[in-house]
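Residues per chain are reported as follows:
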Amino acid sequence: MKRRRESSFWNAAARIVSITLCLGTAASHAQHQLTAPGGADAAAPGAEVYNGLCITCHGREGVAGADQRAPRWETLRQYPPERLLDALNTGKMQAQASSLDATQRRDVSEWVAGRKLGSLPLLAPENMPNQCRSPGAPGAESGWNGWGRDSSNSRYQSGREAGLNARNVRRLKLKWAFGLPGGAQVASQPAVVGGRLYIGSDAGHVYSLDAKSGCVHWAYKAESAVRTAPLVAPLNDNSGALAVFVGDLRGKVYAIDAASGRLVWSTQVDQTPSLRIMGTPAVYGGRVFVGVSSGEEGALGQKDYECCRFRGSVTALDSTSGRELWKTYVIDEPKPRLDPVTGARGWGPSGGGVWSPPTVDAKRRRIYVGTGNAYTSPAGPLNDSVLALDMDTGEIAWSRQDTPDDVWLFGCQDGVAGCAAKVGPDWDFAASVMLKQLPGGKDILVAAHKGGVALALDPDRHGAVVWRTNMAARHPSFYGDVLFGGAADSTRAYYALQETAAVVALNLSDGSRAWTQPIKAIEGRSERVGAGAAVTAIPGAVFSGSWDGMLRAYSAKDGKELWSFDTVRWYEPVNGVPARGGSMGGPGPTVANGMMYVGTGYVGVSNGLPGNALLAFGL
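Everything quoted here is computed from the prediction, not taken from an experiment.

J.: Would you take a moment to explain the overall build of the protein chain for this structure?
T.: Scanning the protein chain from terminus to terminus reveals seven helices and 40 strands. Excluding contacts between residues fewer than 6 apart, the proportion of contacts in the protein chain whose partners are at least 24 apart in sequence is 59%. Accessible surface, the protein chain as shown: approximately 23,300 Å² in total, 50% of it carbon and sulfur.

This is the structure in structure tokens:
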């Protein structure tokens, strides 16, 4: 059986080579393979940069790095140089790369990846062979819009709209695969609206595809990587036009014409350091609501950096023009100060990122978001909290904090200069808040944070705690248990736990545990255990992707496994771009009209397996 699987793998890889040969790009394909060797010339300028700055954390061939959170050398080699350069310029490594000039950043990116920047003709969407022949106007009917399917962020698709259930999920088969050009991970979740599929990429493209065939309608190039799930909504300009709303990792929000891919407007929502938009914007009543987070919490490794000035916020924009209507900050404006031990200059308070998509409560005219930890002291009363904001004014109606005094930075531990005297656990409310109605008609808000704790809050009693359940098997580290979110049907909430390595079902009525299903990594990937990706629910079944690259469906009744698919392989893509699956650590599956769509490939901070494949499954 193992020999047959290996044969199938190489046959698929050979078919991909045949496709690219037909397109006249065989040479570029050889350079683009996600396993391309890097660092062949030890005397190259890029090697000098790597050995001087990167080797301590990331290691080298055969030798692990000192920082277990950092992707290993063999993982870095699988990245395209464009994504490595993005990480150094505006991404997670921006602080660490602050001492490098533009040439050095380019050199080390190309050396690690083993090829030159811009060496792939297939990076351009217009070069893809599967252009849609009859574009037509996109419909407005929603299959799965945005992050949580609807404004309540429940991540539940009902029976008629799903076309899938616990009885037929075993019949799911792969229909087609789409390779995201230049991608190293698929962090944007697909949205399906009016027969079209929309998805962003870490190369900065937003694509409009045909949901049935995967052919390309259009692609728009943003200024930076797009992690958010696209959200399709009217521009509210009386023209009837639909727009695709997304955010990028430079803190910019875009409204893109859904029919043509033309930019309607873009707005920079803030100017604070290392700004990024991770949560999908919400649109309601002619307003776009967007939360802002930051990568500044990795700034401790940057020499002479005055940490930290970022403060999380929620901004409301006019959907027609992108004009700012109001902005609400999570913490007070940081002020300059001196470190009592080293005398180094810094700032505080800081932090409070809003990582998740806002949840809309039309009945109460409120917006709900979760917030993150503080970066520098003191932590405020709104850190690690669920906030209720008035959607008209941005005024905070109420807040509910679960982890006080949580001050944390990458590399910090108690007693380290530049860190808080007592370092917190980094237990952000990073997952989206779910607005649910109980059978008796009572509304509750269901939220969970990285500490593995789920809470039900009463929106009519200023967020009073209805129930509180600790799902964690032990005290989680900063990696956390609940990262990107759960799902909820009419009776239960479902969460995947990263460090506890389990999927858990809780009864919405009282928070009691209905079942727990352990997640076991498949053979050969035992170091990649647990699940950080968002959970998706349909009638009778729950989907969860894990760090080992497996996508599994569990029975909503008792947690028994119903179906599974190993996404870590090469695929024959419909668009001619080599596509490979990897870990699943961010977005969850999208289910609509008898199809399931999911991205595979995610690195995060757990040394996941890179990948660039969008997969479409059907019965």
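J.: Teacher, can you tell me more about the sheet that holds strand β24 (residues 434–437) here?
T.: Reading across the sheet, the four strands line up as β24-β25-β26-β27 and stay open at both edges, with antiparallel pairing between neighbours. Looking at which strands have only one partner, the edges of the open sheet turn out to be β24 and β27 (464–470). In this sheet, neighbouring strand axes are inclined to one another by 25 degrees on average, regardless of whether the strands run parallel or antiparallel. As paired strands, strand β26 (residues 453–458) and β27 are joined by six bridges and run antiparallel to one another. By the bridge assignment, L455 is partnered in β27 with R468.

J.: Help me understand the state of the cysteines in this model?
T.: Such a bond, covalent and formed between the sulfur atoms of two cysteines, is termed a disulfide. This model, assessed by the stated rule, comprises two disulfides. Disulfide pairing places C132 opposite C215 at an S-S distance of 2.0 Å. Across the disulfide from C132 to C215, rotation about the S-S bond amounts to roughly 100 degrees, and the bridge is consequently right-handed. Note that C132 is positioned in the loop between α6 (102–113) and β1 (142–144) and C215 in the loop between β5 (205–210) and β6 (216–221), a separation of 83 residues in sequence. A relative accessible area of 14% places C132 in the buried class. For C307, the disulfide goes to C308, at an S-S distance of 1.5 Å. On the sign convention where negative means left-handed, the S-S torsion of about -50 degrees between C307 and C308 marks this disulfide as left-handed. Residue classification places C307 among the buried residues on the basis of a relative accessible area of 15%. C308 gets classed as buried once you look at its relative accessible area, which sits at 0%.

J.: Help me understand the sheet that holds β1, please; the structure alone is not making it clear to me.
T.: Strand pairing in a sheet relies on backbone hydrogen bonds. The paired strands run either parallel or antiparallel. Spatially, the five strands line up as an open sheet ordered β1-β3-β4-β5-β6, and their pairing is antiparallel. Two strands in the sheet have a free side with no partner beyond their single neighbour: β1 and β6. Each strand of the sheet is rotated relative to its neighbour by a mean of 20 degrees, with strand direction disregarded. Direction of pairing for β5 relative to β6: antiparallel, over a ladder of five bridges. Considered in β6, the bridge of S208 is made with W218.

J.: Looking at this structure, how should I read helix α5 (residues 81–89)?
T.: Because each turn of an α-helix spans 3.6 residues, side chains separated by three or four positions end up pointing in the same direction. Within α5 the residues assigned to the buried category are P81, E82, R83, L84, L85 and L88. Contact partners of the buried residues in α5: α4 (73–76) and α6.

J.: Please clarify how the side chain of T328 should be interpreted in this entry.
T.: Along the polypeptide, T328 turns up in strand β15 (residues 324–329). Judged by its relative accessible area of 14%, T328 falls in the buried class. Look past the residues within four positions of T328 in its chain and what remains in contact with it is G312, S313, V314, L389, G394, E395 and I396.

J.: Where do I start with the nonpolar core in this structure?
T.: Note on soluble globular proteins: their nonpolar side chains tend to be buried together. In terms of nonpolar packing, the biggest core is built from 33 residues, with F245, V253, W265 and V269 touching the most fellow members. Listing elements by their share of this core, those giving two or more residues are β7 (231–234), β8 (242–247), β9 (252–257) and β13 (287–294). Considering every element that reaches this core, the biggest residue donor is β13, with three residues. In terms of nonpolar packing, the next biggest core, distinct from the first, is built from 22 residues, L172, F543, L551 and F565 among them.

J.: What's the story with helix α3 (residues 45–58) in this structure? I'm lost.
T.: At N51, α3 is deflected by roughly 50 degrees, the largest bend along its length. Where α3 is concerned, the buried positions are G46, A47, V49, Y50, C54 and H58. Each element contacted by the buried residues of α3 is listed here: α4 and α6. Phi turns positive, to about 75 degrees, at G59, one or two residues after α3.

The rules behind the values
Residues numbered from 1 in each chain as written. Predicted model: local features only at pLDDT ≥ 70, side-chain atom pairs only at ≥ 80, totals over all residues. Heavy atoms only, no water. Helix = DSSP H or I, 4+ residues; strand = E, 2+ residues; numbered from the N terminus. Contact = heavy atoms within 4.5 Å. Areas by Shrake-Rupley, 256 points an atom, 1.4 Å probe, with all protein chains shown as cover. Pairing = 2+ DSSP bridges. Axes fitted to C-alpha atoms, helices over the stretch in contact; angles between N-to-C directions. Disulfide = S-S within 2.5 Å. Buried < 20%, exposed > 50% of the residue type's maximum accessible area, 1.4 Å probe, protein only. Core = buried A, V, L, I, M, F, W, Y, C linked by side-chain atoms within 4.5 Å. Bend = angle between axes of the 7 residues up to and from the residue.

By themselves, these are just geometric observations and shouldn't be taken as functional.
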